[in-house]
Amino acid sequence: MNLGKTKRKSNAGNRNANKRTQNRKNRKRQKQQTLSKRLLYLLIAVAVILSVIIIRRMYHSRKNISAEDDLEESSGLIPRPELDVELLTVNEYSRPAIALEKVNGIVIHYTANPGTGAKANRNYFEGLKDSHVTKASSHFIIGLEGEIVQCIPSSEISYASNHRNYDTISIECCIEDDTGKFSHKTYDSVVHLTAWLAEHFGLKISDVIRHYDVTGKECPKYFVEHPDAWEQFLADVEDYAASYGVTK
């Protein structure tokens, strides 16, 4: 009788040991399966992120090329002004790469930063991607010597004219002093650029406005304080266009 009991206890012990061993194997297999699933999910996530980055870069690259070609291939009567194309890096603070689907106007601004040139103001816009101080930019900046820097493709919006960002081209003009009056070279360039853009986009002189006309902001300062100077500017743009046979 004692031998039988001992044998039964031994068999029970073996079964329990086998069961524990099997449980350990099951737990180990479950951990391995869980780890494999997590690794698979991680690889899928990385692949998706990389795909999005690649697609975005290809998209922005195509936009940049088409935007530059849009103005490069302009074949109107008014000659294309000399443009220093230095596009901003795509970023949410100065170049969001949002499509400008229809151009209904041209907005004239001033930098409100006396003595600074076109490159300096362009670099300020570029630096916003890192400083995050505000959201601001312009399609074009005209310097004190009449140089024209293009910052944003004409097929994208700029952060310049508030609710009119989505249907206008913006031009920032550098100023020599606090009066806000443009130098002769700056003035001549903004007349030429405005006339050329108006012809290119099929705009009338009434489509050329001040930032002031959008928000009431004193911009461009000299043209707000001297409405007669603004009217003269519009007349000069019309006369410049007419000298090339363009009338609207």
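Residues numbered from 1 in each chain as written. Predicted model: local features only at pLDDT ≥ 70, side-chain atom pairs only at ≥ 80, totals over all residues. Heavy atoms only, no water.

Novice: An account of the side chain of Ser170 is requested, with residue identities and associated values reported.
Specialist: Looking at where Ser170 falls in the secondary structure, it is placed in strand E5 (residues 168-173). Looking at Ser170, the relative accessible area reads 1%, which means it is buried. Side-chain polar atoms of Ser170 contact the side chain of Ser138, separated by 3.2 Å. Side-chain polar atoms of Ser170 contact the backbone nitrogen of His139, separated by 3.0 Å. Residues in contact with Ser170, not counting those within four places in the same chain, are Val107, His109, Ser137, Ser138, His139, Phe140, Ser158, Ala160 and Ser161. (Helix = DSSP H or I, 4+ residues; strand = E, 2+ residues; numbered from the N terminus. Buried < 20%, exposed > 50% of the residue type's maximum accessible area, 1.4 Å probe, protein only. Polar contact = N/O pair within 3.5 Å; in protein donor to acceptor, adjacent residues only side chain to side chain. Contact = heavy atoms within 4.5 Å.)

Novice: Explain a nonpolar patch on the surface to me, using residue names and the numbers behind them.
Specialist: Taken together, Leu39, Leu42, Leu43, Val46, Ile49, Leu50, Ile53 and Ile54 make up a surface patch of nonpolar side chains, about 740 Å² in accessible area. Mapped onto the secondary structure, Ile53 falls in helix H1 (residues 2-72). (Patch = residues over 30% accessible without salt bridge, like charges linked within 9 Å, V, L, I, M, F, W, Y side chains within 5 Å. Areas by Shrake-Rupley, 256 points an atom, 1.4 Å probe, with all protein chains shown as cover. Salt bridge = Lys/Arg side-chain N within 4 Å of Asp/Glu carboxyl O.)

Novice: Account for the layout of surface pockets, with residues named and values stated.
Specialist: As a volume, the largest pocket reaches approximately 310 Å³. In terms of lining, the largest pocket is formed by 16 residues, of which the most central are Tyr110, Thr111, Phe125, Glu172 and Lys217. Contributions of two or more residues to the lining of the largest pocket are made by strand E2 (105-110) and helix H2 (118-131). Examining the composition of the lining of the largest pocket, we find that 3 residues originate from one element, H2, more than from any other. Classifying every residue of the lining of the largest pocket by side-chain character gives 8 nonpolar, 6 polar and 2 charged. (1 Å grid on protein atoms, 1.4 Å probe; cavity = no way out; pocket = protein on both sides within 12 Å on 5 of 7 lines; lining within 4 Å. Points joined across faces, edges and corners; volume = space filled by probe spheres on them. Nonpolar A, V, L, I, M, F, W, Y, C, P; charged D, E, K, R; others polar.)

Novice: Quick rundown of unusual backbone geometry? Include the residues and the values.
Specialist: Cis geometry marks the peptide bond from Cys219 to Pro220, where omega comes out at -10 degrees. Among the structural elements, Pro220 can be located in the loop between helix H4 (212-215) and helix H5 (221-225). Positive phi, normally seen in glycine, also occurs at Ala112, with a value near 60 degrees. Among the structural elements, Ala112 can be located in the loop between E2 and H2. The exposure class of Ala112 is partly exposed, given its relative accessible area of 47%. Located in the positive-phi region is His132, a residue other than glycine, with phi close to 55 degrees.

Novice: Run through the side chain of Thr168, naming residues and quoting values.
Specialist: Tracing the sequence through the fold places Thr168 in strand E5. The buried category is assigned to Thr168, whose relative accessible area is 2%. Within the structure, the side chain of Thr168 is placed 2.5 Å from the backbone oxygen of Arg164, a separation counted as a polar contact. Contacts of Thr168, omitting those with residues within four sequence positions, involve Leu100, Gly105, Val107, His139 and Ser161.

Novice: Any chance you could break down H2 for me, citing the residues and the numbers?
Specialist: For H2, built from 14 residues, the straight-helix expectation of 20 Å at 1.5 Å per residue is met to within 8% by its first-to-last C-alpha distance of 20 Å. Along its buried surface, H2 packs onto strand E3 (140-142) and strand E4 (148-150). Phi turns positive, to about 55 degrees, at His132, one or two residues after H2. (Expected span 1.5 Å × (residues − 1).)

Novice: So what about the nonpolar core? Which residues, and what values?
Specialist: With 38 residues, the main nonpolar core has Ile108, Phe140, Ile171, Val190, Leu193, Leu197 and Phe233 as its most contacted residues. Taken together, the elements giving at least two residues each to this core come down to E2, E3, E5, helix H3 (184-201), H5 and helix H6 (227-242). With 8 residues, the single largest contributor to this core is H3. Excluding residues that lie within four positions of it along the chain, Ile108 makes contacts with Ile171, Cys173, Val190, Thr194, Val208, Ile209, Arg210, His211, Cys219, Pro220, Trp230 and Phe233. (Core = buried A, V, L, I, M, F, W, Y, C linked by side-chain atoms within 4.5 Å.)

Novice: I'd love a proper account of the sheet that holds E3, names of residues and values included.
Specialist: A sheet is described by the order of its strands in space; here 6 strands give the open sequence E1-E4-E3-E5-E2-E6, paired in mixed fashion. With one partner strand each, in any of the chains shown, strand E1 (84-85) and strand E6 (208-210) form the two edges of the open sheet. Sheet topology note: the E3/E5 ladder contains 3 bridges and is parallel. Directly across from Ile142, in E5, lies its bridge partner Cys173. H3 contacts E2, E3, E4, E5 and E6 of the sheet and is inclined by roughly 170 degrees relative to E5. (Pairing = 2+ DSSP bridges. Axes fitted to C-alpha atoms, helices over the stretch in contact; angles between N-to-C directions.)

Novice: Give me the packing of aromatic side chains: which residues, what numbers.
Specialist: For the structure on display, the rule yields 7 aromatic pairs. Measuring from ring centre to ring centre gives 5.9 Å for Tyr124 and Phe125, while their planes differ by 55 degrees; the resulting arrangement is tilted. Ring geometry for Trp230 against Phe233: centres 5.4 Å apart, planes inclined by 25 degrees, an arrangement best described as stacked. Here the residue Trp230 and the residue Phe233 both occupy positions in helix H6, the gap between them amounting to 3 residues, near one helical turn. Taking the relative accessible area as the measure of exposure, Phe233 reaches 0% and is therefore buried. If you follow Lys135 out to its NZ or CZ, it ends over the ring of Tyr93, 6.0 Å from the centre. (Phe/Tyr/Trp six-rings, centres within 6.5 Å; stacked < 30°, edge-to-face > 60°. Lys NZ or Arg CZ within 6 Å of the ring centre and 35° of its normal.)

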